[in-house]
Amino acid sequence: MSKTLSENEIGREQGKAISWAGVRKGDTLNSVKKFLKQLKSSENLPKLPESKGSMLNRVIDFITKQGVVDAADGRRVNLANPDSFEGQPPTVRQRALHLITRSTNNPTIRERDVTRHPFVAAIPKTLLDPDLVAMGRHDSQDRIYYFRNYKQGTHMVVTDKRGNIIEQGNEDGLLTQYSPNLTTPPFDGSFKVSYKKDSSVPEAAAS
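Fair warning: this is a prediction, and the values are worked out from it, not measured in the lab.

### Some points on the overall build of the protein chain
The helix and strand tally for the protein chain stands at four helices and 11 strands. Here the protein chain, with 207 residues, has 41% of them falling under the buried criterion. Carbon and sulfur atoms make up 49% of the accessible area of the protein chain, which amounts to about 11,500 Å² in all.

Take a look at the structure:
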């Protein structure tokens, strides 16, 4: 006689997700990212406000006006968090530059990355309404990954848990944002699902 699966077991097999419906809190990011990629979205990426200014100045203006965003998982993320990768005192300008450039072999120099430009305006929405959130540690630091699918691709925003107390919550500093290649395994195996959009994400059953 075949086993009848309960509603909570649909989409899971031997304690692991076999579909997006089966993704649960505590599942590893590497084991469920393929299901995230399979989600289809007809939603276009939001666009930055029209302006005659440079891309950098438009991003500075955008993240400054956005300020702190209350993310879906209860965290407060400061989009205008100053950055100091150029070896100078931290500034919002350097944070904006970080969001539209990529790292090089020289830690004080970054290269222009036009592939990131279209995703900047999506940062607030990805934080506010992600499809998936995962938490873990990378280089001995806490990291939180927010994912949301758009017609143009999967967007990922990364924050770090800075521990600056703001009333009853923490303010996390924005690290970077881009469209990840979910077909490759760049994510640390320690990252676990902490939030899923279409459910309360029940705890994963013990294997």
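On we go.
### Some details on the pattern of salt bridges
Counted according to the given criterion, the structure contains 14 salt bridges. D70 is paired through a salt bridge with R76; the nearest N and O atoms lie 3.1 Å apart. Its relative accessible area of 46% is what places D70 among the partly exposed residues. Residue classification places R76 among the partly exposed positions, given a relative accessible area of 27%. Across the pair D129 and R148 runs a salt bridge, and its minimum N-O distance is 2.9 Å. With a gap of 19 residues between them, D129 in the loop between α4 (123-128) and β7 (132-138) and R148 in strand β8 (residues 141-150) connect regions that are remote in the sequence.

### Observations regarding helix α2 (residues 55-66)
Across its 12 residues, α2 extends 16 Å between first and last C-alpha, which sits within 8% of the 16 Å expected from 1.5 Å per residue. Residues of α2 that are buried: L56, V59, F62 and I63. The buried residues of α2 occupy an angular sector of 125° when projected down its axis, which confines them to one face. Looking at the buried residues of α2, the elements they touch are α3 (92-99) and α4. Immediately downstream of α2, the backbone of G67 shows phi near 60°, a positive value.

### Examining the side chain of R148
The exposure class of R148 is buried, given its relative accessible area of 5%. Side chain to side chain, R148 and E43 meet in a polar contact 2.4 Å long. Within polar-contact distance, the side chain of R148 engages the side chain of Y150 at 3.4 Å. Residue contacts for R148: discarding those within four places in its chain leaves E43, K125, T126, D129, P130, D131, G153, T154, H155 and K197.

### Here's the deal with the environment of K197
As for its position among the elements, K197 is in the segment after β11 (192-196). When the C-alpha positions of K197 and A72 are compared, they lie 8.8 Å apart, and in sequence the two are 125 residues distant. In contact with K197, not counting residues within four places along its chain, are D129, P130, D131 and R148. Here D129 takes part through its side chain, which lies 3.3 Å from a polar atom of the side chain of K197.

### Here we look at the confidence of the model for the protein chain
In the predicted model, the protein chain carries a mean pLDDT of 85, and 86% of its residues have values of at least 70. Note on residues 200-207: pLDDT under 50 across the span, and 16 contacts to partners over four residues away in sequence or across chains.

### Some remarks on the packing of α2 against α3
Packing of α2 against α3 brings their axes to within 9 Å, and their N-to-C directions diverge by 110°. For the element pair α2 / α3, the angle class is roughly perpendicular. The chirality of how α2 crosses α3 is right-handed. From α2, L56, V59, I60, I63 and T64 reach across to α3, where they touch V92, R93, R95, A96, L97 and L99. Tallied by class, the residues present in the contact of α2 with α3 amount to eight nonpolar, one polar and two charged.

### Considerations on unusual backbone geometry
Peptide bonds are trans in most cases, and residues, glycine excluded, mostly fall at negative phi. Phi is positive for Q14, close to 55°, though the residue is something other than glycine. With respect to the element layout, Q14 can be found in the loop between β1 (12-13) and β2 (16-17).

### Comments concerning the nonpolar core
One finds V59, L79, L127 and Y146 to be the most contacted residues of the largest nonpolar core, which totals 23 residues. Counting residues per element, this core draws most heavily on α2, at four residues. Once residues within four sequence positions are removed from consideration, L79 is found in contact with I63, Q66, G67, V69, R95, I123, P124, L127 and L174. Ranked by size, the runner-up nonpolar core spans 17 residues in total, among them L36, Y145, V158 and V193.

The rules behind each value
Residues numbered from 1 in each chain as written. Predicted model: local features only at pLDDT ≥ 70, side-chain atom pairs only at ≥ 80, totals over all residues. Heavy atoms only, no water. Helix = DSSP H or I, 4+ residues; strand = E, 2+ residues; numbered from the N terminus. Buried < 20%, exposed > 50% of the residue type's maximum accessible area, 1.4 Å probe, protein only. Areas by Shrake-Rupley, 256 points an atom, 1.4 Å probe, with all protein chains shown as cover. Salt bridge = Lys/Arg side-chain N within 4 Å of Asp/Glu carboxyl O. Expected span 1.5 Å × (residues − 1). Arc of directions from axis to C-beta. Contact = heavy atoms within 4.5 Å. Polar contact = N/O pair within 3.5 Å; in protein donor to acceptor, adjacent residues only side chain to side chain. pLDDT = per-residue confidence, 0-100. Axes fitted to C-alpha atoms, helices over the stretch in contact; angles between N-to-C directions. Parallel < 35°, antiparallel > 145°, perpendicular 65-115°, else oblique. Left-handed = near helix turned anticlockwise from the far one by under 90°. Nonpolar A, V, L, I, M, F, W, Y, C, P; charged D, E, K, R; others polar. Core = buried A, V, L, I, M, F, W, Y, C linked by side-chain atoms within 4.5 Å.

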